[in-house]
Amino acid sequence: MNAVPLSLLPDTARVESDGSLSIGGRRITELAAEFGTPLFVYDETHLRARCREAVETFGPGRAYYATKAFLCGAMARLAYEEGMHLDVASGGELHIALHAGVPADALALHGNNKSMAELRMALTAQVRHVVVDSFDELDRLDALHAEGLPVPKVLARITPGVHAHTHEFIATGQDDSKFGFNLGNGDAHRAIDRMRRSPSVQLEGVHCHIGSNVFEASNFAKAAEVMAAFANPLDLPELVLGGGLGVAYVEGEEAPSIRQWGNVLLDACQALGVRSHVSVEPGRSIVAAAAVTVYEVGTVKHIPGVRTYVSVDGGMSDNPRPVLYGSGYEAFLPRAVGASRSERARLVGKHCESGDVLIFDAALPEGVRVGDLLATPVTGAYGHSMASNYNKLTRPPVVFVRDGDARLVVRRETYDDLVRCEVI
Ligand SMILES: Cc1ncc(COP(=O)(O)O)c(C=O)c1O
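Residues numbered from 1 in each chain as written. Predicted model: local features only at pLDDT ≥ 70, side-chain atom pairs only at ≥ 80, totals over all residues.

Participant: Teacher, can you tell me more about the site of the ligand here?
Facilitator: Lining the immediate surroundings of the ligand are 17 residues, of which Ala66, Ser212, Gly243, Gly283 and Arg284 lie closest. Of the residues that constitute the shell around the ligand, the class distribution is four nonpolar, nine polar and four charged. (Near = placed C-beta within 6 Å. Nonpolar A, V, L, I, M, F, W, Y, C, P; charged D, E, K, R; others polar.)

Participant: Teacher, can you tell me more about the sheet that holds strand β1 (residues 14-15) here?
Facilitator: Sheet strands associate in pairs through backbone hydrogen bonding, adopting either a parallel or an antiparallel arrangement. Within the open sheet, the three strands sit side by side as β1-β2-β3. Their pairing is antiparallel. Where the open sheet ends on each side, the last strands, each with one partner, are β1 and β3 (26-27). Direction of pairing for β1 relative to strand β2 (residues 21-23): antiparallel, over a ladder of two bridges. Along β2, the bridge assignment pairs Arg14 with Ser22. (Pairing = 2+ DSSP bridges. Helix = DSSP H or I, 4+ residues; strand = E, 2+ residues; numbered from the N terminus.)

Participant: Sorry if this is basic, but what is going on with unusual backbone geometry here?
Facilitator: Only a minority of non-glycine residues have a phi that is not negative, and only a minority of peptide bonds are not trans. For the bond running from Thr37 to Pro38, omega is -10°, close enough to zero to count as cis. Looking at where Pro38 falls in the secondary structure, it is placed in the loop between α1 (28-35) and β4 (39-43). At Gln126, a position not held by glycine, the phi torsion is positive, near 65°. By the secondary structure assignment, Gln126 is in the loop between α5 (116-125) and β8 (129-132). Of note in this structure, Tyr382 is not a glycine but carries a positive phi near 55°. Secondary-structure assignment places Tyr382 in the loop between β18 (373-377) and β19 (398-402). Tyr382 sits in the buried class, given 24 other C-beta atoms within 10 Å. (Buried ≥ 20, exposed ≤ 12 C-beta atoms within 10 Å, placed from the backbone.)

Participant: Mind showing me how you'd approach the pairing of β18 here?
Facilitator: For a regular strand, the rule is simple: side chains alternate between the two faces of the sheet. Across the five residues of β18, five count as buried, placing the element largely inside the fold. Neither face of β18 is exposed, since Leu373, Ala375 and Pro377 on one face and Leu374 and Thr376 on the opposite face are all buried. Both strand β14 (residues 291-303) and β18 contribute to a ladder of five bridges, which runs antiparallel. Each residue of the ladder has a partner; that of Val292, found in β18, is Pro377.

Participant: For this particular structure, what's the right way to read helix α7 (residues 187-197)?
Facilitator: For an α-helix, the turn length of 3.6 residues means that residues three or four places apart are oriented alike. All of the buried residues in α7 are Ala188, Ala191 and Met195. Considered in projection along α7, the buried side chains sweep an arc of 60° and stay on one side of the axis. In α7, the exposed positions that point more than 90 degrees away from the buried face belong to Asp193 and Arg197. As for α7, its buried residues are in contact with α6 (135-146), β9 (153-159), β10 (181-182), β11 (202-207) and α8 (217-231). (Arc of directions from axis to C-beta. Contact = placed C-beta atoms within 7 Å.)

Participant: Would you mind going over the packing of helix α2 (residues 44-58) against helix α9 (residues 258-271) with me for this structure?
Facilitator: Each pair of packed helices can be described by the angle between their axes along with the distance between the axes. Where α2 contacts α9, the axes come no closer than 9 Å and their chain directions differ by 20°. Taken together, α2 and α9 sit at an angle that is classed as roughly parallel. Between α2 and α9 lies a crossing whose hand is right-handed. Residues Arg50, Glu53, Ala54, Thr57 and Phe58 of α2 touch α9, and the partners they reach there are Ile258, Arg259 and Gly262. Split by residue class, the contact of α2 with α9 holds three nonpolar, two polar and three charged. (Axes fitted to C-alpha atoms, helices over the stretch in contact; angles between N-to-C directions. Parallel < 35°, antiparallel > 145°, perpendicular 65-115°, else oblique. Left-handed = near helix turned anticlockwise from the far one by under 90°.)

Participant: Sorry if this is basic, but what is going on with the environment of Asn185 here?
Facilitator: Summarising the element assignment, Asn185 is placed in the loop between β10 and α7. The exposure class of Asn185 is exposed, given the 12 C-beta atoms found within 10 Å. In this structure the C-alpha to C-alpha distance between Asn185 and Asp175, which are ten residues apart in sequence, comes to 8.9 Å.

Participant: Explanation requested: the nonpolar core in the structure shown.
Facilitator: Counting 124 residues, the largest nonpolar core has Val41, Met84, Leu86, Ala156, Met227 and Leu241 as its most contacted members. Two domains share this core, each providing at least three of its residues, namely domain 1 (6-43 + 288-419) and domain 2 (44-286). Other than its neighbours up to four places away in sequence, Val41 contacts Ile23, Ile28, Leu31, Ala291, Val292, Val294, Val399 and Val401. (Core = buried A, V, L, I, M, F, W, Y, C linked by C-beta atoms within 7 Å. Domains from an automatic or database assignment.)

This is how it looks when you write it as C-alpha coordinates:
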(Lines give C-alpha, C1' and ligand atoms only; values in the text may rest on other atoms or scores of the structure.)
Protein backbone atom coordinates (compact mmCIF):
# COMPACT_ATOMS: atom_id res chain seq x y z
CA MET A 1 0.00 0.00 0.00
CA ASN A 2 1.11 3.54 -0.71
CA ALA A 3 2.77 5.95 1.62
CA VAL A 4 0.71 9.01 2.45
CA PRO A 5 0.62 11.21 -0.70
CA LEU A 6 2.94 14.19 -0.21
CA SER A 7 0.46 16.26 -2.23
CA LEU A 8 -1.84 16.23 0.82
CA LEU A 9 0.83 17.83 2.99
CA PRO A 10 1.46 21.57 3.43
CA ASP A 11 3.63 23.40 0.89
CA THR A 12 6.83 23.40 2.97
CA ALA A 13 6.55 19.76 4.09
CA ARG A 14 9.88 17.96 3.62
CA VAL A 15 11.03 14.42 4.21
CA GLU A 16 14.23 14.76 6.24
CA SER A 17 17.23 12.47 5.81
CA ASP A 18 16.05 10.27 8.70
CA GLY A 19 12.67 9.80 6.99
CA SER A 20 10.80 12.08 9.38
CA LEU A 21 8.52 14.93 8.34
CA SER A 22 9.28 18.59 8.80
CA ILE A 23 7.00 21.51 8.06
CA GLY A 24 8.23 25.09 7.98
CA GLY A 25 11.69 23.79 8.79
CA ARG A 26 10.55 22.09 12.02
CA ARG A 27 10.35 18.35 12.61
CA ILE A 28 6.87 17.27 13.68
CA THR A 29 8.32 14.93 16.29
CA GLU A 30 10.13 17.86 17.93
CA LEU A 31 7.02 20.05 17.84
CA ALA A 32 5.03 17.29 19.55
CA ALA A 33 7.71 17.03 22.25
CA GLU A 34 7.67 20.80 22.75
CA PHE A 35 3.93 21.52 22.62
CA GLY A 36 2.36 18.15 23.45
CA THR A 37 -0.41 16.34 21.61
CA PRO A 38 -2.97 16.68 20.16
CA LEU A 39 -1.50 19.61 18.29
CA PHE A 40 -2.51 21.61 15.22
CA VAL A 41 0.55 22.56 13.17
CA TYR A 42 -0.07 25.19 10.46
CA ASP A 43 2.40 26.00 7.70
CA GLU A 44 2.43 29.81 7.69
CA THR A 45 4.07 29.97 4.25
CA HIS A 46 1.26 27.84 2.84
CA LEU A 47 -1.42 30.04 4.45
CA ARG A 48 0.14 33.20 3.09
CA ALA A 49 0.55 31.70 -0.38
CA ARG A 50 -3.15 30.73 -0.57
CA CYS A 51 -4.25 34.18 0.63
CA ARG A 52 -2.01 35.81 -1.98
CA GLU A 53 -3.32 33.50 -4.70
CA ALA A 54 -6.88 34.57 -3.85
CA VAL A 55 -5.96 38.26 -3.82
CA GLU A 56 -4.00 37.99 -7.07
CA THR A 57 -6.89 36.19 -8.74
CA PHE A 58 -9.77 38.38 -7.59
CA GLY A 59 -8.03 41.64 -6.71
CA PRO A 60 -7.26 43.40 -3.42
CA GLY A 61 -10.30 43.50 -1.15
CA ARG A 62 -12.22 41.19 -3.50
CA ALA A 63 -11.33 37.98 -1.65
CA TYR A 64 -12.90 37.59 1.80
CA TYR A 65 -11.39 34.90 4.01
CA ALA A 66 -14.31 32.92 5.52
CA THR A 67 -13.18 32.87 9.13
CA LYS A 68 -15.51 30.02 10.12
CA ALA A 69 -13.00 27.66 8.51
CA PHE A 70 -10.34 28.54 11.13
CA LEU A 71 -10.10 31.66 13.25
CA CYS A 72 -7.78 33.06 15.86
CA GLY A 73 -6.19 36.49 16.10
CA ALA A 74 -3.05 35.38 14.28
CA MET A 75 -5.05 33.98 11.37
CA ALA A 76 -7.23 37.08 11.12
CA ARG A 77 -4.14 39.30 11.00
CA LEU A 78 -2.35 37.06 8.52
CA ALA A 79 -5.26 37.07 6.05
CA TYR A 80 -5.62 40.84 6.36
CA GLU A 81 -1.86 41.41 5.97
CA GLU A 82 -1.98 39.43 2.73
CA GLY A 83 -4.68 41.70 1.33
CA MET A 84 -7.80 39.71 2.12
CA HIS A 85 -10.96 41.02 3.68
CA LEU A 86 -12.71 38.80 6.21
CA ASP A 87 -16.16 37.23 6.31
CA VAL A 88 -17.43 36.79 9.86
CA ALA A 89 -20.61 34.90 10.67
CA SER A 90 -21.34 35.77 14.29
CA GLY A 91 -20.68 38.37 16.94
CA GLY A 92 -17.91 36.14 18.25
CA GLU A 93 -16.10 35.96 14.92
CA LEU A 94 -16.57 39.71 14.52
CA HIS A 95 -15.11 40.27 17.98
CA ILE A 96 -12.04 38.15 17.28
CA ALA A 97 -11.35 39.92 13.99
CA LEU A 98 -11.71 43.38 15.54
CA HIS A 99 -9.69 42.32 18.58
CA ALA A 100 -6.91 41.20 16.22
CA GLY A 101 -6.80 44.71 14.76
CA VAL A 102 -8.55 44.05 11.47
CA PRO A 103 -10.38 47.28 10.52
CA ALA A 104 -14.17 47.05 10.46
CA ASP A 105 -14.09 48.32 6.90
CA ALA A 106 -12.49 45.01 5.90
CA LEU A 107 -15.25 42.86 7.43
CA ALA A 108 -18.56 41.49 6.16
CA LEU A 109 -21.07 40.10 8.65
CA HIS A 110 -23.05 36.99 7.72
CA GLY A 111 -25.60 34.86 9.50
CA ASN A 112 -29.11 33.57 8.92
CA ASN A 113 -30.23 34.65 12.41
CA LYS A 114 -28.22 37.64 13.52
CA SER A 115 -29.33 38.94 16.87
CA MET A 116 -30.03 42.59 17.67
CA ALA A 117 -26.81 42.59 19.70
CA GLU A 118 -24.76 41.24 16.77
CA LEU A 119 -26.28 43.74 14.35
CA ARG A 120 -25.79 46.57 16.82
CA MET A 121 -22.14 45.59 17.18
CA ALA A 122 -21.63 45.50 13.40
CA LEU A 123 -23.39 48.83 12.81
CA THR A 124 -21.55 50.54 15.64
CA ALA A 125 -18.20 49.28 14.34
CA GLN A 126 -19.30 50.20 10.78
CA VAL A 127 -18.38 46.99 9.04
CA ARG A 128 -18.02 47.11 5.26
CA HIS A 129 -21.13 45.01 4.61
CA VAL A 130 -23.92 43.32 6.46
CA VAL A 131 -25.14 40.43 4.33
CA VAL A 132 -28.88 40.49 4.97
CA ASP A 133 -30.48 37.06 5.10
CA SER A 134 -34.18 37.53 5.97
CA PHE A 135 -37.13 39.91 6.25
CA ASP A 136 -36.92 39.59 10.05
CA GLU A 137 -33.37 40.89 9.86
CA LEU A 138 -34.64 43.88 7.86
CA ASP A 139 -37.15 44.54 10.66
CA ARG A 140 -34.26 44.52 13.14
CA LEU A 141 -32.26 46.90 10.98
CA ASP A 142 -35.29 49.22 10.90
CA ALA A 143 -35.39 49.14 14.70
CA LEU A 144 -31.67 49.92 14.92
CA HIS A 145 -32.12 52.79 12.48
CA ALA A 146 -34.85 54.14 14.76
CA GLU A 147 -32.33 53.96 17.62
CA GLY A 148 -30.05 56.23 15.59
CA LEU A 149 -27.34 53.73 14.63
CA PRO A 150 -25.39 54.34 11.40
CA VAL A 151 -27.06 53.09 8.21
CA PRO A 152 -25.21 49.92 7.14
CA LYS A 153 -24.12 49.11 3.61
CA VAL A 154 -25.75 45.79 2.86
CA LEU A 155 -25.78 42.91 0.40
CA ALA A 156 -28.84 40.74 -0.08
CA ARG A 157 -28.13 37.04 0.30
CA ILE A 158 -29.93 35.23 -2.49
CA THR A 159 -30.71 31.51 -2.63
CA PRO A 160 -30.24 30.87 -6.33
CA GLY A 161 -31.86 27.42 -6.48
CA VAL A 162 -28.60 25.74 -7.48
CA HIS A 163 -27.96 22.39 -5.82
CA ALA A 164 -24.23 21.97 -5.29
CA HIS A 165 -22.75 18.49 -5.39
CA THR A 166 -21.61 18.13 -1.80
CA HIS A 167 -22.81 16.79 1.54
CA GLU A 168 -26.43 17.74 2.30
CA PHE A 169 -25.42 19.57 5.50
CA ILE A 170 -23.13 21.98 3.65
CA ALA A 171 -25.20 22.54 0.50
CA THR A 172 -26.80 25.98 0.88
CA GLY A 173 -27.88 27.21 -2.56
CA GLN A 174 -30.92 24.95 -3.12
CA ASP A 175 -34.52 26.13 -2.66
CA ASP A 176 -34.96 24.06 0.52
CA SER A 177 -32.52 26.11 2.59
CA LYS A 178 -32.57 28.18 5.76
CA PHE A 179 -30.25 30.71 4.10
CA GLY A 180 -31.05 33.78 2.08
CA PHE A 181 -33.94 35.13 0.04
CA ASN A 182 -35.38 32.57 -2.32
CA LEU A 183 -35.07 33.55 -5.95
CA GLY A 184 -37.63 31.10 -7.29
CA ASN A 185 -40.57 32.16 -5.11
CA GLY A 186 -40.09 35.91 -5.53
CA ASP A 187 -38.67 36.63 -2.07
CA ALA A 188 -35.42 37.84 -3.60
CA HIS A 189 -37.18 40.47 -5.69
CA ARG A 190 -39.38 41.49 -2.77
CA ALA A 191 -36.31 41.87 -0.54
CA ILE A 192 -34.50 44.01 -3.12
CA ASP A 193 -37.57 46.26 -3.52
CA ARG A 194 -37.82 46.71 0.22
CA MET A 195 -34.10 47.42 0.65
CA ARG A 196 -34.11 49.93 -2.18
CA ARG A 197 -36.94 51.86 -0.56
CA SER A 198 -35.66 51.49 3.01
CA PRO A 199 -33.95 54.40 4.80
CA SER A 200 -32.43 51.83 7.21
CA VAL A 201 -30.02 50.22 4.76
CA GLN A 202 -27.89 51.17 1.80
CA LEU A 203 -28.11 48.36 -0.74
CA GLU A 204 -24.78 47.77 -2.46
CA GLY A 205 -25.18 44.36 -4.05
CA VAL A 206 -26.20 40.74 -3.96
CA HIS A 207 -24.59 37.62 -2.62
CA CYS A 208 -24.88 33.86 -2.93
CA HIS A 209 -23.05 30.84 -1.55
CA ILE A 210 -24.06 27.48 -2.98
CA GLY A 211 -22.26 25.26 -0.49
CA SER A 212 -18.95 24.07 0.82
CA ASN A 213 -16.41 21.49 -0.38
CA VAL A 214 -17.72 21.71 -3.93
CA PHE A 215 -15.41 20.25 -6.60
CA GLU A 216 -17.37 20.73 -9.80
CA ALA A 217 -16.62 23.97 -11.60
CA SER A 218 -19.93 23.62 -13.42
CA ASN A 219 -21.80 24.17 -10.12
CA PHE A 220 -20.07 27.53 -9.68
CA ALA A 221 -20.60 28.50 -13.32
CA LYS A 222 -24.32 27.70 -12.95
CA ALA A 223 -24.57 29.89 -9.82
CA ALA A 224 -22.77 32.72 -11.62
CA GLU A 225 -25.22 32.41 -14.51
CA VAL A 226 -28.30 32.55 -12.27
CA MET A 227 -26.89 35.39 -10.21
CA ALA A 228 -25.84 37.40 -13.25
CA ALA A 229 -29.33 37.13 -14.70
CA PHE A 230 -30.71 38.43 -11.41
CA ALA A 231 -28.05 41.04 -10.64
CA ASN A 232 -27.39 42.63 -14.05
CA PRO A 233 -30.71 44.50 -14.28
CA LEU A 234 -30.27 45.73 -10.69
CA ASP A 235 -27.09 47.55 -11.67
CA LEU A 236 -25.56 47.41 -8.18
CA PRO A 237 -21.81 47.76 -7.55
CA GLU A 238 -21.21 44.42 -5.75
CA LEU A 239 -21.71 40.76 -6.61
CA VAL A 240 -20.36 38.19 -4.13
CA LEU A 241 -20.31 34.58 -5.25
CA GLY A 242 -19.47 32.98 -1.90
CA GLY A 243 -16.84 30.37 -1.11
CA GLY A 244 -17.12 26.65 -1.35
CA LEU A 245 -14.14 25.42 -3.33
CA GLY A 246 -13.41 21.82 -2.33
CA VAL A 247 -10.03 20.41 -1.34
CA ALA A 248 -8.46 16.96 -1.66
CA TYR A 249 -8.57 15.15 1.67
CA VAL A 250 -7.59 11.64 0.66
CA GLU A 251 -5.45 9.81 -1.87
CA GLY A 252 -6.86 10.07 -5.39
CA GLU A 253 -8.94 13.20 -4.80
CA GLU A 254 -8.17 16.29 -6.85
CA ALA A 255 -9.56 19.78 -6.57
CA PRO A 256 -9.18 22.91 -8.70
CA SER A 257 -6.73 25.50 -7.40
CA ILE A 258 -8.00 28.86 -6.17
CA ARG A 259 -6.73 30.41 -9.40
CA GLN A 260 -8.52 27.83 -11.58
CA TRP A 261 -11.74 28.30 -9.59
CA GLY A 262 -11.37 32.07 -9.90
CA ASN A 263 -10.90 31.85 -13.64
CA VAL A 264 -14.08 29.81 -14.00
CA LEU A 265 -16.04 32.39 -12.01
CA LEU A 266 -14.49 35.49 -13.55
CA ASP A 267 -14.70 34.15 -17.12
CA ALA A 268 -18.34 33.23 -16.56
CA CYS A 269 -19.09 36.68 -15.16
CA GLN A 270 -17.37 38.38 -18.06
CA ALA A 271 -19.22 36.26 -20.59
CA LEU A 272 -22.50 37.04 -18.80
CA GLY A 273 -21.90 40.78 -19.01
CA VAL A 274 -21.56 41.32 -15.24
CA ARG A 275 -20.56 44.92 -14.56
CA SER A 276 -20.50 44.68 -10.75
CA HIS A 277 -17.27 44.05 -8.84
CA VAL A 278 -17.05 40.29 -8.27
CA SER A 279 -15.88 39.07 -4.84
CA VAL A 280 -15.62 35.65 -3.22
CA GLU A 281 -15.33 34.16 0.27
CA PRO A 282 -13.01 31.14 0.31
CA GLY A 283 -12.41 29.45 3.65
CA ARG A 284 -11.52 25.79 3.30
CA SER A 285 -9.30 26.28 0.24
CA ILE A 286 -7.19 28.81 2.12
CA VAL A 287 -6.53 26.82 5.29
CA ALA A 288 -7.43 23.12 4.97
CA ALA A 289 -4.23 21.74 3.50
CA ALA A 290 -2.05 24.13 5.52
CA ALA A 291 -2.33 22.04 8.69
CA VAL A 292 -1.77 18.61 10.12
CA THR A 293 -3.04 17.38 13.46
CA VAL A 294 -0.57 15.41 15.52
CA TYR A 295 -1.81 12.79 17.99
CA GLU A 296 -0.22 10.19 20.23
CA VAL A 297 -1.40 6.61 20.06
CA GLY A 298 -2.68 5.41 23.44
CA THR A 299 -4.09 1.95 22.74
CA VAL A 300 -4.03 -0.62 19.95
CA LYS A 301 -6.80 -3.20 20.24
CA HIS A 302 -6.90 -6.17 17.86
CA ILE A 303 -10.26 -7.92 17.73
CA PRO A 304 -9.60 -11.07 15.68
CA GLY A 305 -12.04 -11.50 12.82
CA VAL A 306 -13.46 -8.03 13.41
CA ARG A 307 -10.95 -5.18 13.16
CA THR A 308 -8.15 -3.30 14.90
CA TYR A 309 -8.88 -0.11 16.81
CA VAL A 310 -6.09 2.43 17.19
CA SER A 311 -7.00 5.12 19.75
CA VAL A 312 -5.38 8.52 19.87
CA ASP A 313 -5.47 11.28 22.46
CA GLY A 314 -7.98 13.51 20.60
CA GLY A 315 -10.96 12.64 18.43
CA MET A 316 -14.33 14.13 17.58
CA SER A 317 -13.63 17.09 19.85
CA ASP A 318 -10.81 18.33 17.61
CA ASN A 319 -12.18 16.98 14.32
CA PRO A 320 -15.93 16.38 14.17
CA ARG A 321 -16.05 16.21 10.36
CA PRO A 322 -15.92 12.40 10.07
CA VAL A 323 -18.83 12.12 12.50
CA LEU A 324 -20.80 14.99 10.95
CA TYR A 325 -20.30 14.28 7.27
CA GLY A 326 -18.58 10.88 7.05
CA SER A 327 -15.49 12.73 5.79
CA GLY A 328 -12.36 10.79 4.91
CA TYR A 329 -8.80 11.44 6.05
CA GLU A 330 -5.39 9.83 5.76
CA ALA A 331 -2.93 9.14 8.57
CA PHE A 332 0.83 8.69 8.70
CA LEU A 333 3.73 8.37 11.10
CA PRO A 334 5.62 11.69 11.31
CA ARG A 335 8.80 9.76 12.17
CA ALA A 336 8.49 7.71 8.92
CA VAL A 337 6.40 9.67 6.50
CA GLY A 338 7.38 7.52 3.53
CA ALA A 339 6.42 4.23 5.21
CA SER A 340 4.07 2.13 3.12
CA ARG A 341 0.74 1.59 4.81
CA SER A 342 -0.15 -2.06 4.62
CA GLU A 343 -2.41 -2.38 7.65
CA ARG A 344 -6.03 -1.40 8.11
CA ALA A 345 -7.49 -0.13 11.34
CA ARG A 346 -10.19 2.17 12.62
CA LEU A 347 -8.56 5.30 13.95
CA VAL A 348 -10.61 6.50 16.89
CA GLY A 349 -10.47 9.11 19.60
CA LYS A 350 -10.86 8.95 23.36
CA HIS A 351 -14.48 10.10 23.70
CA CYS A 352 -17.22 8.09 25.29
CA GLU A 353 -19.07 7.06 22.19
CA SER A 354 -18.55 4.60 19.39
CA GLY A 355 -19.15 7.31 16.83
CA ASP A 356 -15.91 8.98 17.88
CA VAL A 357 -14.07 8.04 14.70
CA LEU A 358 -11.32 9.96 12.92
CA ILE A 359 -10.80 7.48 10.07
CA PHE A 360 -13.26 4.64 9.55
CA ASP A 361 -10.88 2.42 7.56
CA ALA A 362 -7.39 3.87 7.90
CA ALA A 363 -4.39 2.65 5.95
CA LEU A 364 -1.60 2.58 8.52
CA PRO A 365 2.03 1.52 8.49
CA GLU A 366 2.75 -1.90 9.89
CA GLY A 367 3.33 -2.14 13.62
CA VAL A 368 1.87 1.13 14.85
CA ARG A 369 2.33 0.95 18.59
CA VAL A 370 1.44 2.71 21.80
CA GLY A 371 3.43 5.93 22.12
CA ASP A 372 3.75 6.48 18.37
CA LEU A 373 2.81 9.84 16.97
CA LEU A 374 0.22 9.71 14.21
CA ALA A 375 -0.68 12.70 12.09
CA THR A 376 -3.70 13.45 9.90
CA PRO A 377 -3.16 15.91 7.04
CA VAL A 378 -5.64 18.47 5.65
CA THR A 379 -7.11 19.29 9.05
CA GLY A 380 -6.72 23.07 8.82
CA ALA A 381 -10.38 23.82 8.03
CA TYR A 382 -13.42 23.17 10.21
CA GLY A 383 -11.34 21.24 12.75
CA HIS A 384 -10.06 23.69 15.32
CA SER A 385 -12.99 25.99 14.56
CA MET A 386 -15.50 23.20 15.24
CA ALA A 387 -13.61 21.86 18.23
CA SER A 388 -15.51 21.24 21.45
CA ASN A 389 -14.87 20.36 25.06
CA TYR A 390 -16.85 17.12 24.87
CA ASN A 391 -15.93 14.90 27.81
CA LYS A 392 -14.21 18.05 29.09
CA LEU A 393 -11.20 17.51 26.92
CA THR A 394 -9.14 20.65 26.67
CA ARG A 395 -8.92 22.04 23.15
CA PRO A 396 -5.50 21.61 21.49
CA PRO A 397 -3.01 24.38 20.85
CA VAL A 398 -2.22 25.84 17.45
CA VAL A 399 1.33 26.41 16.27
CA PHE A 400 2.33 28.35 13.17
CA VAL A 401 5.65 27.18 11.73
CA ARG A 402 7.78 29.12 9.29
CA ASP A 403 11.48 29.16 8.33
CA GLY A 404 12.48 27.08 11.32
CA ASP A 405 10.40 29.02 13.87
CA ALA A 406 7.41 27.65 15.74
CA ARG A 407 5.02 30.29 17.02
CA LEU A 408 2.34 29.29 19.51
CA VAL A 409 -0.75 31.25 18.42
CA VAL A 410 -3.37 29.46 20.53
CA ARG A 411 -2.26 27.78 23.74
CA ARG A 412 -3.68 24.49 24.96
CA GLU A 413 -6.71 24.94 27.20
CA THR A 414 -6.22 24.08 30.84
CA TYR A 415 -8.54 22.49 33.37
CA ASP A 416 -8.92 25.98 34.87
CA ASP A 417 -10.27 27.16 31.51
CA LEU A 418 -12.90 24.44 31.80
CA VAL A 419 -14.33 25.94 34.99
CA ARG A 420 -13.80 29.61 34.06
CA CYS A 421 -17.45 30.20 33.13
CA GLU A 422 -18.92 28.35 36.06
CA VAL A 423 -20.80 30.30 38.67
CA ILE A 424 -20.70 28.44 41.95
C1 LIG B 1 -21.64 32.49 3.29
C2 LIG B 1 -20.43 31.64 3.26
N3 LIG B 1 -19.35 32.11 2.63
C4 LIG B 1 -18.20 31.37 2.58
C5 LIG B 1 -18.13 30.13 3.18
C6 LIG B 1 -16.83 29.38 3.13
O7 LIG B 1 -16.95 28.19 2.43
P8 LIG B 1 -15.64 27.31 2.17
O9 LIG B 1 -14.96 27.14 3.46
O10 LIG B 1 -16.19 26.05 1.64
O11 LIG B 1 -14.82 28.04 1.15
C12 LIG B 1 -19.25 29.59 3.83
C13 LIG B 1 -19.19 28.27 4.44
O14 LIG B 1 -20.11 27.66 4.83
C15 LIG B 1 -20.44 30.38 3.87
O16 LIG B 1 -21.53 29.94 4.49
